[in-house]
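Residue-level listing of the chains:
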Amino acid sequence: MISEKMTEKLNDQIKHELYSGHLYLSMAAYCASIDLDGFSNFFVVQEQEERFHAMKFFHYIVEQDKDVKIFGLDQPETEFDSLEAVIDAAWKHEQKVTKRLYDLMNLANEEKDFATQSLLKWFIDEQVEEEASMLGLLKKVKLVGDKGQGIFMLDKELAERTFAPPAAEK
Ligand code: MG
């Protein structure tokens, strides 16, 4: 059984995961608007991942016999200055997500809530990948700059990305 305080924080995290998805969909829309369909696809897949994260918290709260609450989402950015600015914002966003998960883990530690610690361990491991993938993309975009050929090749590569939920997960 998890505490009321933890239930509230995890419900808030569902909202935040869905907001992350909302933000990435907005980034996908921007990339489509500048004709980078591969980058757009990258962010569409990212949105699917965020929904998967939200549902992982959803199922966990239900399993703990607590009530899930779905809240309205904040308005994401809709205006971006450049492709590089988008990727940089996505990387900074992932760093904020990591910080939120650390705060949740601190609470789980304080409450000696070992079940939630175990759940959060999965998310914290996942964040290492999330931050690395955004930073890796940012570095590549900076490397090729606004050279048409390089961006075209990156765009083609990102068009291949598909969402694959981890097999053993809900
Ligand atoms: Mg997430």
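Note that this is a predicted model, so its numbers are computed, not measured.

Between helix H1 (residues 4–33) and helix H2 (residues 37–63), whose axes approach to 8 Å, the crossing angle comes to 170°. Judged by the angle between their axes, H1 and H2 are roughly antiparallel. Counted by class, the contact of H1 with H2 contains 17 nonpolar, eight polar and five charged residues.

Take the packing of H2 against helix H3 (residues 83–110) next. Running from N to C, H2 and H3 point in directions that differ by 15°, and their axes come no closer than 13 Å. The angle between H2 and H3 places the two elements in the roughly parallel class. Considering only the axes of H2 and H3, their crossing is left-handed. Along the contact surface, H2 presents Phe-39, Phe-43, Gln-46, Glu-50 and Phe-57, while H3 presents Leu-83, Val-86, Ile-87, Ala-90, Glu-94 and Leu-101. Considered class by class, the residues forming the contact of H2 with H3 number eight nonpolar, one polar and two charged.

This part covers the packing of aromatic side chains. Under the defined criterion, the tally for this structure stands at seven aromatic pairs. Seen in terms of ring centroids, Phe-42 and Phe-43 are 5.2 Å apart; in terms of plane orientation they differ by 85°. Their pairing is edge-to-face. Grouping residues by exposure puts Phe-42 and Phe-43 together as buried. Here Phe-52 and Trp-122 contribute two aromatic rings whose centre-to-centre distance is 6.2 Å and whose plane-to-plane angle is 55°, an arrangement assigned as tilted. Here Phe-52 is found in helix H2, whereas its partner Trp-122 is found in helix H4 (residues 114–144), with 70 residues between them in sequence. With relative accessibility at 21%, the residue Trp-122 sits in the partly exposed group. Members of the aromatic cluster, connected to one another through ring pairs, are Phe-52, Phe-57, Trp-122, Phe-123 and Phe-163. We note Lys-56 situated over the ring of Trp-122; from NZ or CZ to the ring centre the distance is 4.4 Å.

Here we come to the coordination of the magnesium ion. Looking at the metal site, the magnesium ion is ligated by Glu-17 (OE), Glu-50 (OE) and His-53 (ND1), spaced 2.1 to 2.2 Å from it. Counting the intervening residues between successive donors of the magnesium ion yields the motif E-x32-E-x2-H. Taken together, the residues Glu-50 and His-53, both in helix H2 and three residues apart, mark about one turn of the helix. Judged on exposure class, the residue Glu-50 and its partner His-53 are both buried.

The backbone of Asp-35 shows a phi angle near 65°, a positive value even though the residue is not glycine. Tracing the chain through its elements places Asp-35 in the loop between H1 and H2. A positive phi angle, near 50°, is found at Lys-112, a position not held by glycine. Mapped onto the fold, Lys-112 is located in the loop between H3 and H4. Given a relative accessible area of 61%, Lys-112 falls into the exposed group.

Before going further, it helps to examine the pattern of salt bridges. One pass over the structure, following the stated rule, counts eight salt bridges. Across the pair Asp-74 and Lys-15 runs a salt bridge, and its minimum N-O distance is 3.8 Å. Here Asp-74 is found in the loop between H2 and H3, whereas its partner Lys-15 is found in helix H1, with 59 residues between them in sequence. Overall, Asp-74 belongs to the partly exposed group, its relative accessible area being 47%. For Lys-15, a relative accessible area of 22% puts it in the partly exposed group. We note a salt bridge from Lys-140 to Glu-157, for which the minimum N-O separation is 3.5 Å. Here Lys-140, found in helix H4, pairs with Glu-157, found in helix H5 (residues 148–158); they are 17 residues apart in sequence, far enough to count as distant. Of the residues examined, Lys-140 reaches a relative accessible area of 38% and is grouped as partly exposed.

Rules used in this analysis
Residues numbered from 1 in each chain as written. Predicted model: local features only at pLDDT ≥ 70, side-chain atom pairs only at ≥ 80, totals over all residues. Heavy atoms only, no water. Axes fitted to C-alpha atoms, helices over the stretch in contact; angles between N-to-C directions. Helix = DSSP H or I, 4+ residues; strand = E, 2+ residues; numbered from the N terminus. Parallel < 35°, antiparallel > 145°, perpendicular 65-115°, else oblique. Nonpolar A, V, L, I, M, F, W, Y, C, P; charged D, E, K, R; others polar. Left-handed = near helix turned anticlockwise from the far one by under 90°. Contact = heavy atoms within 4.5 Å. Phe/Tyr/Trp six-rings, centres within 6.5 Å; stacked < 30°, edge-to-face > 60°. Buried < 20%, exposed > 50% of the residue type's maximum accessible area, 1.4 Å probe, protein only. Lys NZ or Arg CZ within 6 Å of the ring centre and 35° of its normal. Donors = N, O, S within 2.8 Å, 3.2 Å for Na, K, Ca; no water. Salt bridge = Lys/Arg side-chain N within 4 Å of Asp/Glu carboxyl O.

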